[in-house]
Amino acid sequence: MQLVTSMWKRPRATFIGTAPVLACRPSYLSPLAWLGLQAVALWPHGAWMARRVQDGSDEPLGLSALALLLMLLVARSHTLRIAPHTGWLAASALLTLTANAALLAAPPLLCALVGALALAAALMAWLPARAPRAPLAGLVVLALPLISSLQYYGGYPLRVLTAQFSAWILQFAGIAAERTGTSMLVRGQLVIVDAPCSGVQMVWMAYFCACAVAALTALRDGDFLKRLPAIGALVLVGNVLRNSLLVALESRPQGLDADIHQAIGLAVLAVVCTAVAVTMKGARHDDLA
């Protein structure tokens, strides 16, 4: 007896000789098609995400995570399981029902987060047993329009933290600096640490780079999770150094040209993302490479 398998059909047995062949019922949908149906079941959340990006309520950074996730799925479609893992599939169904039912009472972002977890669980169900899962789940969550909400709930404490560390650095460098709330008094000039200086965008970019590098190099989940705390530390250090440098230059009598201000910010962001990529780079999974 010989077992015949393919991506599109369930396993069937073929017999050498005169014995009759009993073919199993074929599965006409590929794993990608099943995942597409899962996404359709979550359409209210997709529609809300599209509206939020189009009306300017949030930045469209999540589209980058979504595009990378789709590219990885298509490129590795040949590695997906023939039959899904029933445990993950059941969790996906339960989360889908929860996400859609929660629309009656919960905020749309919270419902969309549950919906993203439902989609991630569905993806887990089709991945090979040894395939890394955490980076792909991270990309699913990062595809949500999160920036403005993160800025609203986490922006203020991040600005206070950044201003305080920057004041200490400037004092160490011999520059008169003092923090008051989210503002700094530097060389007698009041400098406001505004929302862009909170580092929320840098946080998103750093974790996107971490998930992208880990997914592209098939970094094992254990190694990925162990390295995540270092990403937060890299972002904090990078944002504090960026803010300290910009405040020191802006507080001079001649101030700082806006283009140079922008260039310094982008340069520090590039350095942080490079450090994140180096931190996350790991050995490739032989069966997924």
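Cut-offs used in this document
- Residues numbered from 1 in each chain as written.
- Predicted model: local features only at pLDDT ≥ 70, side-chain atom pairs only at ≥ 80, totals over all residues.
- Heavy atoms only, no water.
- Disulfide = S-S within 2.5 Å.
- Buried < 20%, exposed > 50% of the residue type's maximum accessible area, 1.4 Å probe, protein only.
- 1 Å grid on protein atoms, 1.4 Å probe; cavity = no way out; pocket = protein on both sides within 12 Å on 5 of 7 lines; lining within 4 Å.
- Points joined across faces, edges and corners; volume = space filled by probe spheres on them.
- Helix = DSSP H or I, 4+ residues; strand = E, 2+ residues; numbered from the N terminus.
- Nonpolar A, V, L, I, M, F, W, Y, C, P; charged D, E, K, R; others polar.
- Pairing = 2+ DSSP bridges.
- Axes fitted to C-alpha atoms, helices over the stretch in contact; angles between N-to-C directions.
- Contact = heavy atoms within 4.5 Å.
- Expected span 1.5 Å × (residues − 1).
- Core = buried A, V, L, I, M, F, W, Y, C linked by side-chain atoms within 4.5 Å.
- Salt bridge = Lys/Arg side-chain N within 4 Å of Asp/Glu carboxyl O.

Help me understand the state of the cysteines in this model?
By definition, a disulfide links the sulfur atoms of two cysteines through a covalent bond. Inspection of the entire model under this criterion finds 0 disulfides. C273 takes part in no disulfide bond, and the closest cysteine sulfur, belonging to C209, lies 3.7 Å away. Taking the relative accessible area as the measure of exposure, C273 reaches 13% and is therefore buried.

I keep staring at the layout of surface pockets and nothing clicks. Help me out?
Its volume calculated, the largest pocket comes out at about 680 Å³. Lining the largest pocket are 30 residues, and of these A39, M49, L66, L119 and A143 sit closest to its centre. Of all elements in the fold, only α1 (31–41), α2 (43–54), α3 (62–75) and α5 (108–126) reach the threshold of two or more residues within the lining of the largest pocket. Broken down by element, the residue count for the lining of the largest pocket peaks at 7 residues, all from α3. Residues that form the lining of the largest pocket fall into these classes: 24 nonpolar, 5 polar and 1 charged.

Explanation requested: the sheet that holds strand β5 (residues 189–192) in the structure shown.
Backbone-to-backbone hydrogen bonds join strands into a sheet, with any given pair of strands oriented parallel or antiparallel. The antiparallel open sheet is built from 3 strands, whose spatial order is β3-β4-β5. Strands with a single pairing partner mark the edges of an open sheet, and in this sheet they are β3 (177–180) and β5. Taken over all neighbouring pairs, the strand axes of this sheet differ in orientation by 25° on average, direction set aside. Together, β3 and β4 (183–186) form the strand contacts of helix α7 (residues 147–172), whose direction differs from that of β3 by roughly 165°.

Whenever I open this one, α7 confuses me. Can you help?
An ideal rise of 1.5 Å per residue puts 38 Å on 26 residues; α7 reaches only 33 Å between its terminal C-alpha atoms. When α7 is considered as a whole, its buried residues turn out to be I147, S149, Q151, G155, R159, V160, T162, A163, S166, A167 and L170. Residues of α7 that are buried sit in contact with α2, α5, β3, β4, α8 (200–216) and α9 (221–250). Phi turns positive one or two residues past the end of α7, at G174, with a value near 85°.

I would appreciate a short explanation of the side chain of Q151 in the present structure.
Tracing the backbone shows Q151 in helix α7. Among residues more than four places away in sequence, those in contact with Q151 are Y156, A195, S198, V200 and Q201.

Just to check I follow, could you spell out the nonpolar core for this structure?
Nonpolar side chains tend toward joint burial in soluble globular proteins. Counting residues in each nonpolar core, the largest one holds 50 residues, and the members touching the most others are L123, L136 and L139. Of all the elements in the fold, those that place two or more residues in this core are α3, α5, α6 (134–142), α8, α9 and α10 (258–280). Considering every element that reaches this core, the biggest residue donor is α8, with 12 residues. Residue contacts for L139: discarding those within four places in its chain leaves A65, L68, L69, L72, F208, C211, A212 and A215.

Help me out: how do you make sense of the pattern of salt bridges in this one?
A side chain with one charge may pair with a side chain of the opposite charge, provided their charged atoms come close. All told, the structure shown has 2 salt bridges when counted by the stated rule. Across the pair D58 and R52 runs a salt bridge, and its minimum N-O distance is 3.7 Å. The pair D58 / R52 is uniform in exposure class, with both members buried. Linking D223 and K226 is a salt bridge whose minimum nitrogen-to-oxygen distance equals 3.7 Å. Pair noted here: D223 and K226 are both in helix α9, with a separation of 3 residues, about one helical turn. Taking relative accessible area as the criterion, D223 reaches 25% and is therefore assigned partly exposed. The class of K226 is exposed, set by a relative accessible area of 64%.

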